[in-house]
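# Descriptive structure summary
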Amino acid sequence: MDVVLLRWPIEQPRREQLRDAGRTRLLLVEGGAPAPRCDDCLEDWIRVPADEADVRARVDALSQRRAQHRSERPDLDPDGLLRFAGGWVPLPPVEARLMAALIERYETVVSREQLSRSGWPKGAPGRNALDVHVLRLRRRIAPLSLSIKTVRSRGYLLEAGDASDGYSEREAREA
């Protein structure tokens, strides 16, 4: 299930962690607790006890919102600024060229050869260079809830995912 159920207000600290990680949340509001303020499209609440069908309907609605939220495409400007889901990160020139190739084929596989040609138009310095730059790029884009998946024997795939699937924001800044 891609929607995390949280008891409210008991799990307030976890709610903040999940929000920061871009995870979808359904708050189960207990007893006489005041209704929480939900200003994030990836969050909703329901007062408990609640009928199972009502909870399922909220979870389904949140899942649909999550799918729509993920349907936006990353944007890379000419200065190497990558924007996605309300956030941004600056990319060095080689990584910006790699990202441009991945965005062009967003959510589809880009071969290692295509990626190398994009990153180094005059010829790649070696196989290891691509691996190192993809690793750095993974770290940089993790806070935006983007991830680069390795597709064995085929290449790489850029997709939206939870920030918790990748590296921490601190690691991304250090990369």
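Residues numbered from 1 in each chain as written. Predicted model: local features only at pLDDT ≥ 70, side-chain atom pairs only at ≥ 80, totals over all residues. Heavy atoms only, no water.

### Comments concerning the nonpolar core
Counting residues in hydrophobic clusters, the biggest one holds 26 residues, and the most contacted among them are Leu82, Met99, Leu102, Leu115 and Leu158. Element by element, the count of residues in this core is highest for helix α3 (residues 93-104), at seven residues. (Core = buried A, V, L, I, M, F, W, Y, C linked by side-chain atoms within 4.5 Å. Buried < 20%, exposed > 50% of the residue type's maximum accessible area, 1.4 Å probe, protein only. Helix = DSSP H or I, 4+ residues; strand = E, 2+ residues; numbered from the N terminus.)

### A short note on the pairing of strand β1 (residues 3-8)
Of the pairings in the sheet, the one linking β1 to strand β2 (residues 24-29) comprises six bridges and is parallel in character. Bridged to tryptophan 8 within β2 is valine 29. With respect to chirality, the unit in which β1 leads through helix α1 (residues 12-20) into the neighbouring parallel β2 is right-handed. (Pairing = 2+ DSSP bridges. Right-handed = clockwise from strand over helix to strand, strands pointing away.)

### Remarks on the sheet that holds strand β5 (residues 81-84)
Taken in spatial order, the three strands make up an open sheet running β4-β5-β6, and their pairing is antiparallel. On the outer flanks of this sheet lie β4 (75-76) and β6 (87-90), each paired with one strand and no other. Sheet topology places β5 next to β6; four bridges connect them, and they run antiparallel. Residue pairing across strands places phenylalanine 84 opposite glycine 87, the latter belonging to β6.

### Quick notes on the confidence of the model for the protein
Caution applies to low-pLDDT parts of the model: their predicted coordinates are not meant to be read in detail. Chain-level pLDDT for the protein is 85 on average; 90% of the residues reach the 70-or-more range. Mean pLDDT across the elements of the protein ranges from a minimum in helix α6 (residues 169-174), with 40, to a maximum in α3, with 95. Segment residues 163-175: pLDDT under 50, and 18 contacts once partners within four positions in sequence are set aside and those in other chains are kept. (pLDDT = per-residue confidence, 0-100. Contact = heavy atoms within 4.5 Å.)

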